[in-house]
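Topology and contacts: notes
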Amino acid sequence: MSDVQVPQSILDGMKKVPGMGSFFSGETLGKLSGLGTLPKEAVSENDVWTTEAEVDVPPFGAMKTQSKFRYLGGEIRNGSRLEKIGYTQQMVVTPAPEQSGNSMKFTDQSVSGTTYFDNVAGRIAESEVMSKMKIEVTTAGMTMKTDTTTQSLMKLVSVDTSDKSK
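Conventions and cut-offs
- Along each chain, residue indices are assigned from 1 in the same order as the chain's sequence is written.
- Selection of residues for local features in this predicted model requires a pLDDT of at least 70, selection of side-chain atom pairs for listing and counting requires 80 or more, and totals for whole chains, interfaces and linings are taken over all residues.
- Where side-chain values are given, they derive from all heavy atoms of the structure, hydrogens and water being excluded.
- The secondary structure listing takes helices from DSSP runs of H or I that are at least 4 residues long and strands from runs of E that are at least 2 residues long, numbered from the N terminus.
- Each residue is placed in one exposure class: buried if its accessible area under a 1.4 Å probe, protein chains only, is under 20% of its type's maximum, exposed if it is over 50%, and partly exposed if it falls in between.
- Contacts are residue-level and defined by heavy atoms, with any inter-residue pair within 4.5 Å sufficient.
- Computed with a 1.4 Å probe, the accessible areas rest on the Shrake-Rupley method; for each residue, only the protein chains presented here act as cover.
- Any two strands between which DSSP finds at least two bridges are classified as paired.
- The convention used is that axes are lines fitted to C-alpha atoms, helices contributing only their stretch in contact, and that angles between N-to-C directions extend from 0 to 180 degrees.
- Between Lys or Arg on one side and Asp or Glu on the other, a salt bridge is scored when a side-chain nitrogen of the former is within 4 Å of a carboxyl oxygen of the latter.
- In this analysis, rings of Phe, Tyr and Trp, with Trp reduced to its six-membered ring, are considered paired at centre separations within 6.5 Å, and the interplanar angle assigns stacked below 30 degrees, edge-to-face beyond 60, and tilted for intermediate values.
- In this text, buried Ala, Val, Leu, Ile, Met, Phe, Trp, Tyr and Cys residues form a nonpolar core when linked through side-chain atoms within 4.5 Å.

Helices and strands together make up the secondary structure of the chain, namely two helices and six strands. Considering the chain as a whole, with its 166 residues, one finds that 34% of them fall into the buried category. Taking the intrachain contacts of the chain between residues at least 6 apart in sequence as the baseline, contacts between residues at least 24 apart amount to 50%. Accessible area of the chain: about 10,600 Å², with a carbon and sulfur share of 51%.

What follows is the structure in structure tokens.
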């Protein structure tokens, strides 16, 4: 994915959490999602491929992700044959040398999902990702612990843009 649009209300809310404002930019989420990464060569059922990404998370360091994909075969959904791809991801933060008491670490994480790719149209038709994370952030002498569960569902829907008034 290369053009992720994050609602302004989320960006505004994340600016209040030290170091997290830049993490929730569209560019960063696009890099970390892994949803748009497919191999150039043909795959067979149960083939696996991985991608890696790294983004800066000031003032904590760099977050590295490894996304693992598995082709699960074809499936008929809403009358169309779609290619089913399983997805898991692991993340780790490497501290910056000059972090000065700032740190972020994942104490527990589970990220997995399924993407359905429309080979005829050449695009993702839908995707669902379930993320459970426990994160410990230390900054300005305070340690904050978060425990989040997020379920993201993306589904491509056709929009009729024809002028029906004619």
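Moving on from the model shown.
Time to look at the sheet that holds strand β1 (residues 48-57). Read from one edge to the other, the open sheet built from six strands follows the order β1-β2-β3-β4-β5-β6, with strand pairing classed as antiparallel. The two strands at the open ends of the sheet, each matched to only one other strand, are β1 and β6 (142-155). Here the strands of the sheet are splayed against their neighbours by 15 degrees on average, with no regard to which way each runs. The pairing of strand β4 (residues 103-118) with strand β5 (residues 123-139) spans 15 bridges and is antiparallel. Its bridge partner lying in β5, Asp108 is registered against Lys134.

Our next topic: the pairing of β6. Here β5 pairs with β6 via 14 bridges, running antiparallel. Across the sheet, residue Met130 finds its bridge partner in β6, namely Gln151. Joining the antiparallel neighbours β5 and β6 is a turn of two residues, in which Ala140 adopts a positive phi near 50 degrees.

Right, let's get into the pattern of salt bridges. Under the counting rule described, the total for this entry stands at six salt bridges. For Glu83, the salt bridge identified is with Arg81, shortest N-O distance 3.1 Å. Glu83 sits in the buried class, given a relative accessible area of 10%. Here Lys105 ties to Glu136 by a salt bridge, and the two come within 3.9 Å at their closest N and O atoms. Residue Lys105 is located in strand β4, and its partner Glu136 is located in strand β5; the two are separated by 31 residues in the primary sequence. In this structure, a network of salt bridges that share partners links the residues Glu75, Arg77, Lys84 and Glu126.

So, about the packing of aromatic side chains. Scanning all chains against the criterion turns up two aromatic pairs. Taking the centre distance of 5.7 Å and the plane angle of 15 degrees together, the rings of Trp49 and Phe69 count as stacked. Here Phe69 lies in strand β2 (residues 61-77) and Trp49 lies in strand β1, a separation of 20 residues in the sequence. Side by side, Trp49 and Phe69 carry an identical accessibility label, which is buried. Following the ring pairs from residue to residue traces out a cluster consisting of Trp49, Phe69 and Tyr87.

Here we come to the environment of Lys105. Relative accessible area serves as the criterion here: at 46%, Lys105 is assigned to the partly exposed category. In contact with Lys105, other than residues within four places in its own chain, are Lys134, Ile135 and Glu136.

Counting 20 residues, the largest nonpolar core has Met63, Met104 and Phe106 as its most contacted members. Only β1, β2, β3 (80-95), β4 and β5 provide two or more residues apiece to this core. Ranked by the residues each element gives to this core, the list is headed by β5, at five residues.

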